[in-house]
Amino acid sequence: MQLNSNFSQRAVILPADYKFVASPLAGVSRMMLDRAGAEVARATSIVRYDAGSGYSSHTHDGGEEILVLDGVFSDEHGDYPAGSYLRNPPGSSHQPFSENGCTLLVKLWQFAATDTQQLAINTDQQQWRPGLVPGLSVLPLHEHDGVSTALVRWAPDTQFNRHIHVGGEEILVLEGLFCDEYGQYPAGSWIRSPRYSQHTPFTQAEGALIYVKVGHLGAGLLGDKFIQSEQETTP
Ligand SMILES: [Fe+2]
Ligand SMILES: [Fe+2]
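What counts and what doesn't
- Residues numbered from 1 in each chain as written.
- Chains lettered and ligands numbered in written order.
- Predicted model: local features only at pLDDT ≥ 70, side-chain atom pairs only at ≥ 80, totals over all residues.
- Heavy atoms only, no water.
- Phe/Tyr/Trp six-rings, centres within 6.5 Å; stacked < 30°, edge-to-face > 60°.
- Helix = DSSP H or I, 4+ residues; strand = E, 2+ residues; numbered from the N terminus.
- Buried < 20%, exposed > 50% of the residue type's maximum accessible area, 1.4 Å probe, protein only.
- Lys NZ or Arg CZ within 6 Å of the ring centre and 35° of its normal.
- Donors = N, O, S within 2.8 Å, 3.2 Å for Na, K, Ca; no water.
- Domains from an automatic or database assignment.
- Contact = heavy atoms within 4.5 Å.
- Buried area = accessible area lost by both parts, 1.4 Å probe.
- Salt bridge = Lys/Arg side-chain N within 4 Å of Asp/Glu carboxyl O.
- Polar contact = N/O pair within 3.5 Å; in protein donor to acceptor, adjacent residues only side chain to side chain.
- Nonpolar A, V, L, I, M, F, W, Y, C, P; charged D, E, K, R; others polar.
- 1 Å grid on protein atoms, 1.4 Å probe; cavity = no way out; pocket = protein on both sides within 12 Å on 5 of 7 lines; lining within 4 Å.
- Points joined across faces, edges and corners; volume = space filled by probe spheres on them.

Visitor: I would appreciate a short explanation of the packing of aromatic side chains in the present structure.
Guide: A ring pair, where both rings are aromatic, is described by two values, the distance of the centres and the angle of the planes. Tallied over the full model, the rule gives eight aromatic pairs. Measuring from ring centre to ring centre gives 5.1 Å for Trp109 and Phe226, while their planes differ by 85 degrees; the resulting arrangement is edge-to-face. Of this pair, Trp109 sits in the loop between β13 (102–108) and β14 (119–122) while Phe226 is found in the loop between β23 (202–214) and α1 (230–233), placing the two residues 117 residues apart along the sequence. With a centroid separation of 5.3 Å and 75 degrees between ring planes, the pair formed by Trp154 and Phe178 is classed as edge-to-face. Linking Trp154 in strand β17 (residues 147–154) with Phe178 in strand β19 (residues 169–180), this pair joins segments that are 24 residues apart in sequence. On the accessibility criterion, Trp154 (6% relative accessible area) is buried. By the ring-pair criterion, three or more aromatic residues cluster together here, those being Tyr49, Tyr55, Phe73 and Tyr80. Across from the ring centre of Phe20, 3.8 Å away, lies the NZ or CZ of Arg48, which sits over that ring.

Written out as structure tokens, the structure is:
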């Protein structure tokens, strides 16, 4: 499957577009945001665990990144409430489950081969830093080889500078309403902007909380081998 896997194109998914489909595991469904590959795939998804559901024990050959959006996610190493940020590096394994149900952002096969750091951050207990303009605060989550991931909180009516995403940018809106000159994105919206794209984002009366990753498009991550160009898939 190749879904939003042409990283030279902008991709936007709004919460009204969500269609959850069953995964191979009972009680676990997913809304695919981007995907390159078959059941083993370089994939970005919103994943829902029904109460009492679990996944079989598995190894993350290409690494796994998780942000817990709602509920409590668990594995044999711990319980991770909403706001938890997890990185399970290539070669790691676990058996995840959720006692009362949860919703996750999951990114698979998006690690550099050299990124071996295991992370479990409870973002509710971290110190936020001031951002580049008044009204912004930033909680850095991870940085490796030019790829940076953070949570950014936008106070109401915050105006950011026009900027260029040299290595691309990916945003999941977690709370409020995020805006730029191309649209308005309520909580649940996913926006992936290509390398060298530009925009001028801002917020209105609601403010916003966003997950943002930059520098990862074309960065040579493990799962890039699953990406087929348009030419290769056209008969
Ligand atoms: Fe996993
Ligand atoms: Fe941006």
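Having put the structure on the table, let's press on.
Visitor: Sorry, what's going on with unusual backbone geometry here?
Guide: Peptide bonds are trans in most cases, and residues, glycine excluded, mostly fall at negative phi. With a phi close to 50 degrees, Asn4 is a non-glycine residue in the positive phi region. The residue Asn4 is located in the loop between β1 (2–3) and β2 (11–13) in this model. With relative accessibility at 29%, the residue Asn4 sits in the partly exposed group.

Visitor: Help me out: how do you make sense of the coordination of the iron ion (ligand 1) in this one?
Guide: For a metal with four tetrahedral donors the ideal donor-metal-donor angle is 109.5 degrees, whereas six octahedral donors ideally subtend 90 or 180 degrees. Of the protein atoms, only His58 (NE2), His60 (NE2), Glu64 (OE), Glu64 (OE) and His94 (NE2) coordinate the iron ion (ligand 1), at distances of 2.1 to 2.5 Å. Counting gaps between the donor residues of the iron ion (ligand 1) yields the pattern H-x1-H-x3-E-x29-H. Under the relative-accessibility criterion, His60 is labelled buried at 5%.

Visitor: Looking at this structure, I do not really get the domain arrangement of the protein. What am I missing?
Guide: The domain architecture assigned to the protein consists of domain 1 (2–11 + 18–122) and domain 2 (127–214). Computed from C-alpha coordinates alone, the two centres of domain 1 and domain 2 are separated by 22 Å. Contact with domain 1, which involves 25 residues of that partner, is made by 19 residues of domain 2. Taking both partners together, domain 1 and domain 2 bury about 1,800 Å²; carbon and sulfur atoms supply 57% of that area. Across the contact surface, domain 1 and domain 2 share three salt bridges. Between domain 1 and domain 2 we count 13 residue pairs in polar contact (both at pLDDT 80 or more) in total. At the level of elements, β4 (28–37), β5 (41–49), β8 (64–75), β10 (84–88), β13 and β14 are the ones that each hand at least two residues to the side of domain 1 that touches domain 2. No other element matches the three residues that β8 contributes to the side of domain 1 that touches domain 2. Broken down by class, the residue content of the side of domain 1 that touches domain 2 amounts to 12 nonpolar, seven polar and six charged.

Visitor: Sorry, what's going on with empty space enclosed by the protein here?
Guide: A complete count under the given rule lists one cavity of 30 Å³ or more for this structure. Empty space within the largest cavity amounts to approximately 60 Å³. If you go around the largest cavity, the residues you meet are Arg87, Gln110, Phe111, Ala112, Asp115, His142, His144, Val147, Lys213 and Leu221. Residue composition of the lining of the largest cavity, by class: four nonpolar, three polar and three charged. Two domains each put at least three residues into the lining of the largest cavity: domain 1 (2–11 + 18–122) and domain 2 (127–214).

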